[in-house]
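# Per-entry structural report
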Amino acid sequence: MKEEIIIAGFGGQGVLSMGKILAYSGLMEGKEVTWMPAYGPEQRGGTANVTVIVSDEKISSPILSRYDTAIILNQPSLEKFENKVKTNGVLIYDGYGIINPPTRKDIRVFRIDAMDAANEMNNIKAFNMIVLGGLLKIKPIVTLDNVIKGLRKTLPERHHHLIPMNEEAIRRGMDLIREV
């Protein structure tokens, strides 16, 4: 198994931390992983993306030009990465940040209304965990147990009380995601 993923959206949406949690989760399962963020001064409000590879075998390079899965959280990222999803790949997008939805017919497209769900939970910071839950429903590349372990590794200890809320958000995302 080898999954090459791009997660892209506005800085501040939890793009980089979602990738980091995914990478740590893969490590917890003894998999080979890479986590390569790409952002500049626009991290808070501009676009940011992270490439994550999770594999059962050695990874030759963290640099990719095509992806098995794209998680797209805003329109500029959709315009940049939609054509970089491999044929028969998966594109997951949040309906809130996309004005013109994906048009490709040679990939599987999923919509998750994570921003709406985060608002319903009264916790905007749960947004990225809802999206992560949607990914794990479609592509169970790591287990929920190891995602929770990954959260323990990535969150400062003072925020560990938020882990149950994050687990609830992940489960919510698993329920919300729908193929378009």
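Here, the structure is the one placed above.
Residue indices begin from 1 for each chain and proceed along its sequence in written order. Only residues with pLDDT of 70 or above have their local features reported here, since the model is predicted, and side-chain atom pairs are shown and tallied only from 80 upward, although totals for entire chains, interfaces and linings are computed over all residues. The side-chain figures draw on all heavy atoms in the structure; neither hydrogens nor water molecules are used.

This next bit is on the side chain of Glu3. For the purposes of this entry, the term helix denotes a DSSP run of H or I that reaches at least four residues, the term strand denotes a run of E that reaches at least two, and both are numbered from the N terminus. Here Glu3 shows up in strand E1 (residues 2-10). Given a relative accessible area of 6%, Glu3 falls into the buried group. Glu3 has contacts with Val52, Ile53, Val54, Asp68, Thr69, Lys139 and Ile141, leaving out every residue within four places of it along the chain. Think of it in three bands: residues with accessible area under 20% of the maximum for their type are buried, residues over 50% are exposed, and the middle band is partly exposed, with areas taken using a 1.4 Å probe on protein chains only. Two residues form a contact once any of their heavy atoms are found within 4.5 Å.

Along the chain, Asp68 falls in strand E4 (residues 67-72). Given a relative accessible area of 15%, Asp68 falls into the buried group. Here the alpha-carbon distance between Asp68 and Val85, two residues 17 residues apart in the chain, equals 6.0 Å. Residues contacting Asp68, with those up to four places away along its chain left out, are Lys2, Glu3, Glu4, Val85, Lys86, Gly89, Val90 and Lys139. Nitrogen and oxygen atoms within 3.5 Å of one another constitute a polar contact, given that in protein one can donate a hydrogen and the other can accept it, and given that sequence-neighbouring residues count only through two side-chain atoms. In this structure the side chain of Asp68 is engaged in a polar contact, spanning 3.1 Å, whose partner is the side chain of Lys86.

The next point concerns the pattern of salt bridges. Every case where a carboxyl oxygen of Asp or Glu lies within 4 Å of a side-chain nitrogen of Lys or Arg is listed as a salt bridge. Inspection of every chain in the model, using the stated rule, returns 12 salt bridges. Between Lys2 and Glu4 there is a salt bridge; the shortest N-O distance is 3.5 Å. The buried category is assigned to Glu4, whose relative accessible area is 8%. Among the ionic contacts, a cluster of salt bridges with common partners joins Lys2, Glu4, Asp68 and Lys86.

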